[in-house]
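For reference, the chains in residue letters:
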Amino acid sequence: MSSEGAQQDGTGSGAAGDRTVRVVLVDDHRMFRTGVQAEIGETGRTGVEVVGEAADVDQAVTVITTTRPEVVLLDVHLPGGGGVEVLRRSAAMMADAERPVRFLALSVSDAAEDVIGVIRGGARGYVTKTITGTDLVDAVFRVADGDAVFSPRLAGFVLDAFASTDAPPIDEDLDRLTQREREVLRLIARGYAYKEIAKQLFISVKTVESHVSAVLRKLQLSNRHELTRWAAARRLV
């Protein structure tokens with residue numbers, strides 16, 4: 001994530017004057033969390049107070065429940081079920097009329113399935129990790145106020161995806177898969193070996209094999225080559 005040399009008006013003492021927004025960072029890469037903390041977590045300058053961090057789904061739900069932040073910066077791909085699982089398990093907090101917890105996806109991915117998945121799950125926006133520190137602070141405050149925020153290139157895509165009458169908003173084949181099965185599917189389609197997938201998702205090779213078998217069965221495919229073509233046709237790779 002890059003930063004700008006000079007702050008825009010308003011971010012020098014917090015994006016909304018003396019107001020402070022409490023934020024939780026959820027990302028499985030510690031160095032990235034450290035970088036975000038350095039970019040936006042100087043509360044006196046940005047108005048953002050980082051009150052917690054998490055590296056997987058279970059940690060995220062625990063930290064969010066304990067700290068009740070106003071905004072969660074949420075990575076899409078997380079051990080334990082992904083960002084969609086965090087959203088699912090946080091539904092009651094998102095719906096809390098008195099103290100709603102709002103989610104902003106912050107991911108390296110701009111894949112269609114990832115964007116639509118978290119928005120359907122209840123996230124208020126989706127920005128990529130190329131965003132500047134200044135723009136991220138602005139996005140945090142806007143989401144805290146209930147606005148929807150998207151990286152410029154994704155905004156039109158999201159509108160098209162939800163408004164299009166040419167294609168159904170839900171892929172019935174894809175919806176047969178669990179979140180973990182989708183993660184395995186994407187990695188298989190990108191050419192990862194079972195051992196590499198196991199390492200990346202913190203699961204055993206045998207579990208990877210079980211997920212692949214389940215995906216092939218549910219999608220009525222015969223092998224990983226057909227699976228790769230299926231995923232590529234849906235732009236999931």
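Criteria and cut-off values
- Residues numbered from 1 in each chain as written.
- Predicted model: local features only at pLDDT ≥ 70, side-chain atom pairs only at ≥ 80, totals over all residues.
- Heavy atoms only, no water.
- Helix = DSSP H or I, 4+ residues; strand = E, 2+ residues; numbered from the N terminus.
- Buried < 20%, exposed > 50% of the residue type's maximum accessible area, 1.4 Å probe, protein only.
- Areas by Shrake-Rupley, 256 points an atom, 1.4 Å probe, with all protein chains shown as cover.
- Pairing = 2+ DSSP bridges.
- Contact = heavy atoms within 4.5 Å.
- Axes fitted to C-alpha atoms, helices over the stretch in contact; angles between N-to-C directions.
- 1 Å grid on protein atoms, 1.4 Å probe; cavity = no way out; pocket = protein on both sides within 12 Å on 5 of 7 lines; lining within 4 Å.
- Points joined across faces, edges and corners; volume = space filled by probe spheres on them.
- Nonpolar A, V, L, I, M, F, W, Y, C, P; charged D, E, K, R; others polar.
- Core = buried A, V, L, I, M, F, W, Y, C linked by side-chain atoms within 4.5 Å.

Caption draft 1: Molecular detail of the overall build of the protein chain. Summing up its helical and strand segments, the protein chain has 12 helices and six strands in all. The burial tally for the protein chain puts 46% of its 237 residues in the buried class. Summing over all exposed atoms, the protein chain offers an accessible surface of approximately 11,700 Å²; the carbon and sulfur share of this is 50%.

Caption draft 2: The arrangement of the sheet that holds strand β5 (residues 125-128) in detail. Pairing in this open sheet of six strands is parallel, and the strands run β2-β1-β3-β4-β5-β6 from one edge to the other. The open sheet has two edge strands, β2 (48-54) and β6 (149-150), and neither has a second partner. Here four bridges tie strand β1 (residues 21-26) to strand β3 (residues 71-74), and the two strands are oriented parallel to one another. Considered in β3, the bridge of V26 is made with L74. Packing of helix α3 (residues 57-67) onto the sheet brings it into contact with β1, β2, β3 and β4 (102-107), and relative to β2 it is tilted by some 140°. Sheet strands in contact with helix α6 (residues 112-121) are β4, β5 and β6, and its direction is about 145° off that of β5.

Caption draft 3: The arrangement of empty space enclosed by the protein in detail. Following the criterion strictly, the structure yields two cavities of 30 Å³ or more and no others. Size it by volume and the largest cavity reaches roughly 60 Å³. Forming the boundary of the largest cavity are L25, V26, D27, F32, R33, V36, L73, L74, D75 and L106. Every element with two or more residues in the lining of the largest cavity is listed here: β1, α1 (30-40) and β3. Broken down by element, the lining of the largest cavity gets its largest block of residues, three residues, from α1. Here the second largest cavity defines a volume of roughly 40 Å³. For the second largest cavity, the full set of lining residues is V76, V84, E113, D114, G117, Q179, R182 and R186. Secondary structure elements with two or more residues in the lining of the second largest cavity: α6 and α9 (179-189).

Caption draft 4: View of the layout of surface pockets. Of the volumes computed, that of the second largest pocket is approximately 370 Å³. Lining the second largest pocket are 17 residues, with D28, H29, D75, H77 and Q200 positioned closest to its centre. Looking at the lining of the second largest pocket, the elements that each hand over two or more residues are α9 and α10 (194-201). Per element, the largest residue contribution to the lining of the second largest pocket is three residues, and it comes from α9. A per-class count over the lining of the second largest pocket returns six nonpolar, five polar and six charged.

Caption draft 5: Molecular detail of the nonpolar core. Of all hydrophobic cores here, the largest spans 25 residues; its most connected members are V26, I64, V72, L74, V86, F103 and V118. At the level of elements, β1, α3, β3, α4 (82-89), α5 (91-94), β4 and α6 are the ones that each hand at least two residues to this core. Top contributing element to this core by residue count: α3, with five residues. When sequence neighbours within four positions are dropped, the list of residues in contact with L74 reads V26, G83, V86, L87, F103, L104, A105 and L106. Membership of the second largest hydrophobic core comes to 22 residues, among which are V23, L25, L104 and V143.

Caption draft 6: Highlighting unusual backbone geometry. One non-glycine residue, R68, adopts positive backbone phi at about 45°. Inspection of the secondary structure puts R68 in the loop between α3 and β3. Of note, Q220 is a non-glycine position whose phi angle comes to about 55°, a positive value. Along the chain, Q220 falls in the loop between α11 (205-219) and α12 (224-233).

Bear in mind that shape data such as this cannot, by itself, settle questions of function.
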